[in-house]
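# Structure assessment
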Amino acid sequence: MRIISGKFKGRKIKFNNLQNVRPTTDKTKESLFNILGHFFVFEGISALDLFSGSGNISYELASRGVKDITSVEKNIKCVRFINNFSKILDIKLNVFNYNTLQFLKITKSKFDLIFADPPYNYTETEIETIINLIFNRGILKKNGILIIEHHKKNILKSSEFLFDCRTYCTNSLSFFK
């Protein structure tokens, strides 16, 4: 796993002993950021990385110039890894050791970009709960985008906010605004 572009382009992210972590693949990440480049000037946005795992997406955001990044992860080993690796990169991340649903219920922050990569065993109903919390609580700013990475078998077509879906091998990216 590596950082695809920006200030830290090519930097390898080596993490060990992080159980149940399924990082976004380089191919999917590259496609994701190519799409996002059409919507955002990265230096001017705030971003939320839910189910952060290794912090892969947060580092890519920072590498591309995003200064306001919040990472939410419930696994304390992952949180420690994110904190340590962000120090190595000399970037500031707001890292929270929380369950994603708890965080979404209490946060008062709003974001231009929200990326969520829940475990693949999350059901469509559980994913819809995340979507509804984000939109009902106004966590996504006007003109903001929510992206959910999920297994391609989970079809998320029932949301009124869905505007695009892309599939890469076994995973899909669904885009909401």
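Quick look at the structure, then. Note that the structure is predicted; figures quoted are calculated from it, not measured.

### Notes on the overall build of the protein chain
- Helix and strand content of the protein chain: five helices and seven strands.
- Written out in order from the N terminus, the α and β elements of the protein chain read α-β-α-β-α-β-α-β-α-β-β-β.
- For the protein chain, the C-alpha radius of gyration of 15 Å lies close to 16 Å, the compact-globule estimate for 177 residues.
- Principal axes of the C-alpha set define a box for the protein chain whose edges measure 40 × 35 × 35 Å.
- Across the 177 residues of the protein chain, 51% fall into the buried class.
- At a minimum sequence separation of 6, the contacts of the protein chain that also span at least 24 residues come to 67%.
- Carbon and sulfur atoms make up 48% of the accessible area of the protein chain, which amounts to about 9000 Å² in all.
- Positive and negative side-chain charges of the protein chain, numbering 27 and 16 respectively, have mean locations separated by a distance of 4 Å.

### Looking at the side chain of E73
- You can see E73 is positioned in the loop between β2 (68-72) and α3 (76-89).
- Of the buried charged residues, E73 lacks a salt bridge, with K74 as the closest side chain of opposite charge at 7.1 Å.
- At 2.7 Å, the side chain of E73 forms a polar contact with the backbone nitrogen of G53.
- Setting aside residues up to four positions removed in sequence, E73 forms contacts with F51, S52, G53, C78, V79, F96, N97 and Y98.

### A short note on unusual backbone geometry
- Phi is positive for N143, which is not a glycine, with a value near 70°.
- Within the secondary structure layout, N143 lies in strand β5 (residues 140-151).
- The class of N143 is exposed, set by a relative accessible area of 66%.

### A word on the environment of R11
- Here R11 is to be found in the segment before α1 (26-36).
- In this structure, the C-alpha to C-alpha distance between R11 and M1, residues 10 residues apart in sequence, is 8.6 Å.

### Things to note about the sheet that holds strand β3 (residues 94-96)
- Strands sit in the order β3-β2-β1-β4-β5-β7-β6 across an open sheet of seven strands; the sheet is mixed. Strands at the two margins of the open sheet, each flanked by one partner only, are β3 and β6 (162-168). If you compare each strand with its neighbour and ignore which way they point, the axes differ by 15° on average.
- Where strand β1 (residues 46-50) lies against strand β4 (residues 111-116), four bridges are found, and the strand directions are parallel. For D49, the partnering residue across the bridge sits in β4 and is F115.

Here is what the cut-offs are and how they apply
- Residues numbered from 1 in each chain as written.
- Predicted model: local features only at pLDDT ≥ 70, side-chain atom pairs only at ≥ 80, totals over all residues.
- Heavy atoms only, no water.
- Helix = DSSP H or I, 4+ residues; strand = E, 2+ residues; numbered from the N terminus.
- Rg over C-alpha atoms; globule rule 2.2 N^0.38 Å.
- Buried < 20%, exposed > 50% of the residue type's maximum accessible area, 1.4 Å probe, protein only.
- Contact = heavy atoms within 4.5 Å.
- Areas by Shrake-Rupley, 256 points an atom, 1.4 Å probe, with all protein chains shown as cover.
- Lys, Arg positive; Asp, Glu negative; His and termini not counted.
- Charge placed at Lys NZ, Arg CZ, Asp CG, Glu CD.
- Salt bridge = Lys/Arg side-chain N within 4 Å of Asp/Glu carboxyl O.
- Polar contact = N/O pair within 3.5 Å; in protein donor to acceptor, adjacent residues only side chain to side chain.
- Pairing = 2+ DSSP bridges.
- Axes fitted to C-alpha atoms, helices over the stretch in contact; angles between N-to-C directions.

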